[in-house]
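Listed below are the residues making up each chain.
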Amino acid sequence: MFESQYNDEMEAEVKHLEAQMRAINAGHPEWLNACSGCGCELTGIENSRCEKCR
Ligand SMILES: [Zn+2]
C-alpha cells in the first residue's frame, strides 16, 4: 500500500520535472510544460507534445 502510493508520488514528481525541463529547453522556464516538438506552451503536465505534434 505505502509503496505503491510512494511510487505514484515519485511518478508525479518525475512527470513534473520532465515537463519543466521541456519548458526550460523551449526557452520559457516560467512555463509549467512545453511541447517537445514545436516548443509551444502546454497547460497541463500530462502530455509531452501538443495536439499538432502528437
Ligand atoms: Zn507542438
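Residues numbered from 1 in each chain as written. Predicted model: local features only at pLDDT ≥ 70, side-chain atom pairs only at ≥ 80, totals over all residues. Heavy atoms only, no water.

### Details of the overall build of the chain
Convention followed: Only DSSP runs of H or I reaching four residues or more are called helices, and only runs of E reaching two or more are called strands; each is numbered from the N terminus. Residues count as neighbours in contact if any of their non-hydrogen atoms are within 4.5 Å of one another. Each accessible area value is a Shrake-Rupley result obtained with a 1.4 Å probe; residue values ignore everything except the protein chains displayed when judging cover. All tallies of charge rest on Lys and Arg as positive and Asp and Glu as negative; His and the ends of each chain are not included. Where a charge sits is defined by one atom per residue type, namely NZ (Lys), CZ (Arg), CG (Asp) or CD (Glu).
The helix and strand tally for the chain stands at 1 helix and 2 strands. Taken from N to C terminus, the helices and strands of the chain fall in the order α-β-β. When contacts within the chain are restricted to residue pairs at least 6 apart in sequence, those whose partners lie at least 24 apart make up 12%. Split by element, the accessible area of the chain, about 4,300 Å² in all, is 53% carbon and sulfur. Where the 5 positive side-chain charges of the chain centre and where its 10 negative ones centre are 13 Å apart.

### Considering the coordination of the zinc ion
The line we're drawing: Counted as donors are the N, O and S atoms within 2.8 Å of the metal, or 3.2 Å for Na, K and Ca, while water is not among the atoms, so some sites may look incomplete. Geometry assignment treats four donors as tetrahedral when all angles are between 85 and 135 degrees, treats four as square planar and six as octahedral when opposite donors are over 155 degrees apart and all others between 65 and 115, and treats everything else as irregular. For each residue, the accessible area found with a 1.4 Å probe, counting protein chains only, is set against the maximum for its type, and the residue is called buried under 20%, exposed over 50%, and partly exposed in between.
Cys35 (SG), Cys38 (SG), Cys50 (SG) and Cys53 (SG) make up the full set of protein donors to the zinc ion, lying at 2.3 to 2.4 Å. Bound by 4 donor atoms, the zinc ion shows angles of 103 to 113° at the metal and therefore tetrahedral coordination geometry. With a relative accessible area of 3%, Cys35 lands in the buried category. Overall, the relative accessible area of 24% leaves Cys53 in the partly exposed class.

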